[in-house]
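Here is what each chain is made of, one letter per residue.
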Amino acid sequence: MSDPKTIATKCFVAGNNAVEKGNYDYAAQMYATAVKVDPASLAYRQALRAAQQKKYNNNGTGSSMAKMQLVALKPR
């Protein structure tokens, strides 16, 4: 099997290539895999957040939707 750091690096490079092509969905998936394999790397986490912001055009609806989900879970 491959070294986890090598896997994270390959996913990060694949994410960078996807960002260059404008495919932010795939880039976010690759960055998320890199973060799962190597959560201590700040660069991987920052790249993931940047790809997610580009994917959703930084529309800011994430926090409001999360609030609605929490309200639905309270009665349970």
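The next thing to look at is the packing of helix α1 (residues 4-21) against helix α3 (residues 42-55). Packing of α1 against α3 brings their axes to within 11 Å, and their N-to-C directions diverge by 30°. On the basis of the axis angle, α1 is roughly parallel to α3. The interaxial crossing formed by α1 with α3 has left-handed handedness. Judged by residue contacts, Ala8, Thr9 and Phe12 of α1 engage Ala43, Tyr44 and Ala47 from α3. For the contact of α1 with α3, a count of residues per class yields five nonpolar, one polar and no charged.

Under the 1.5 Å per step criterion, the end-to-end length of α1 is 26 Å for 18 residues, consistent within 8% with the ideal 26 Å. Within α1 the residues assigned to the buried category are Ala8, Cys11, Gly15 and Ala18. Considered in projection along α1, the buried side chains sweep an arc of 85° and stay on one side of the axis. Those residues of α1 that are exposed and aimed more than 90 degrees away from the buried face are Lys10, Glu20 and Lys21. Here the buried face of α1 lies against α2 (24-37) and α3.

What the rule picks out here adds up to two aromatic pairs. Ring centres of Phe12 and Tyr31 lie 5.6 Å apart, and the angle between their planes is 45°; on these two criteria the pair is classed as tilted. Of this pair, Phe12 sits in helix α1 while Tyr31 sits in helix α2; the two residues are 19 residues apart in sequence, bridging distant segments of the chain. Taken together, a centroid distance of 5.0 Å and an interplanar angle of 40° make the contact between Phe12 and Tyr44 tilted. Of this pair, Phe12 sits in helix α1 while Tyr44 sits in helix α3; the two residues are 32 residues apart in sequence, bridging distant segments of the chain. According to the relative accessible area criterion, Tyr44 is buried, its value standing at 10%.

Rules and cut-offs
Residues numbered from 1 in each chain as written. Predicted model: local features only at pLDDT ≥ 70, side-chain atom pairs only at ≥ 80, totals over all residues. Heavy atoms only, no water. Axes fitted to C-alpha atoms, helices over the stretch in contact; angles between N-to-C directions. Helix = DSSP H or I, 4+ residues; strand = E, 2+ residues; numbered from the N terminus. Parallel < 35°, antiparallel > 145°, perpendicular 65-115°, else oblique. Left-handed = near helix turned anticlockwise from the far one by under 90°. Contact = heavy atoms within 4.5 Å. Nonpolar A, V, L, I, M, F, W, Y, C, P; charged D, E, K, R; others polar. Expected span 1.5 Å × (residues − 1). Buried < 20%, exposed > 50% of the residue type's maximum accessible area, 1.4 Å probe, protein only. Arc of directions from axis to C-beta. Phe/Tyr/Trp six-rings, centres within 6.5 Å; stacked < 30°, edge-to-face > 60°.

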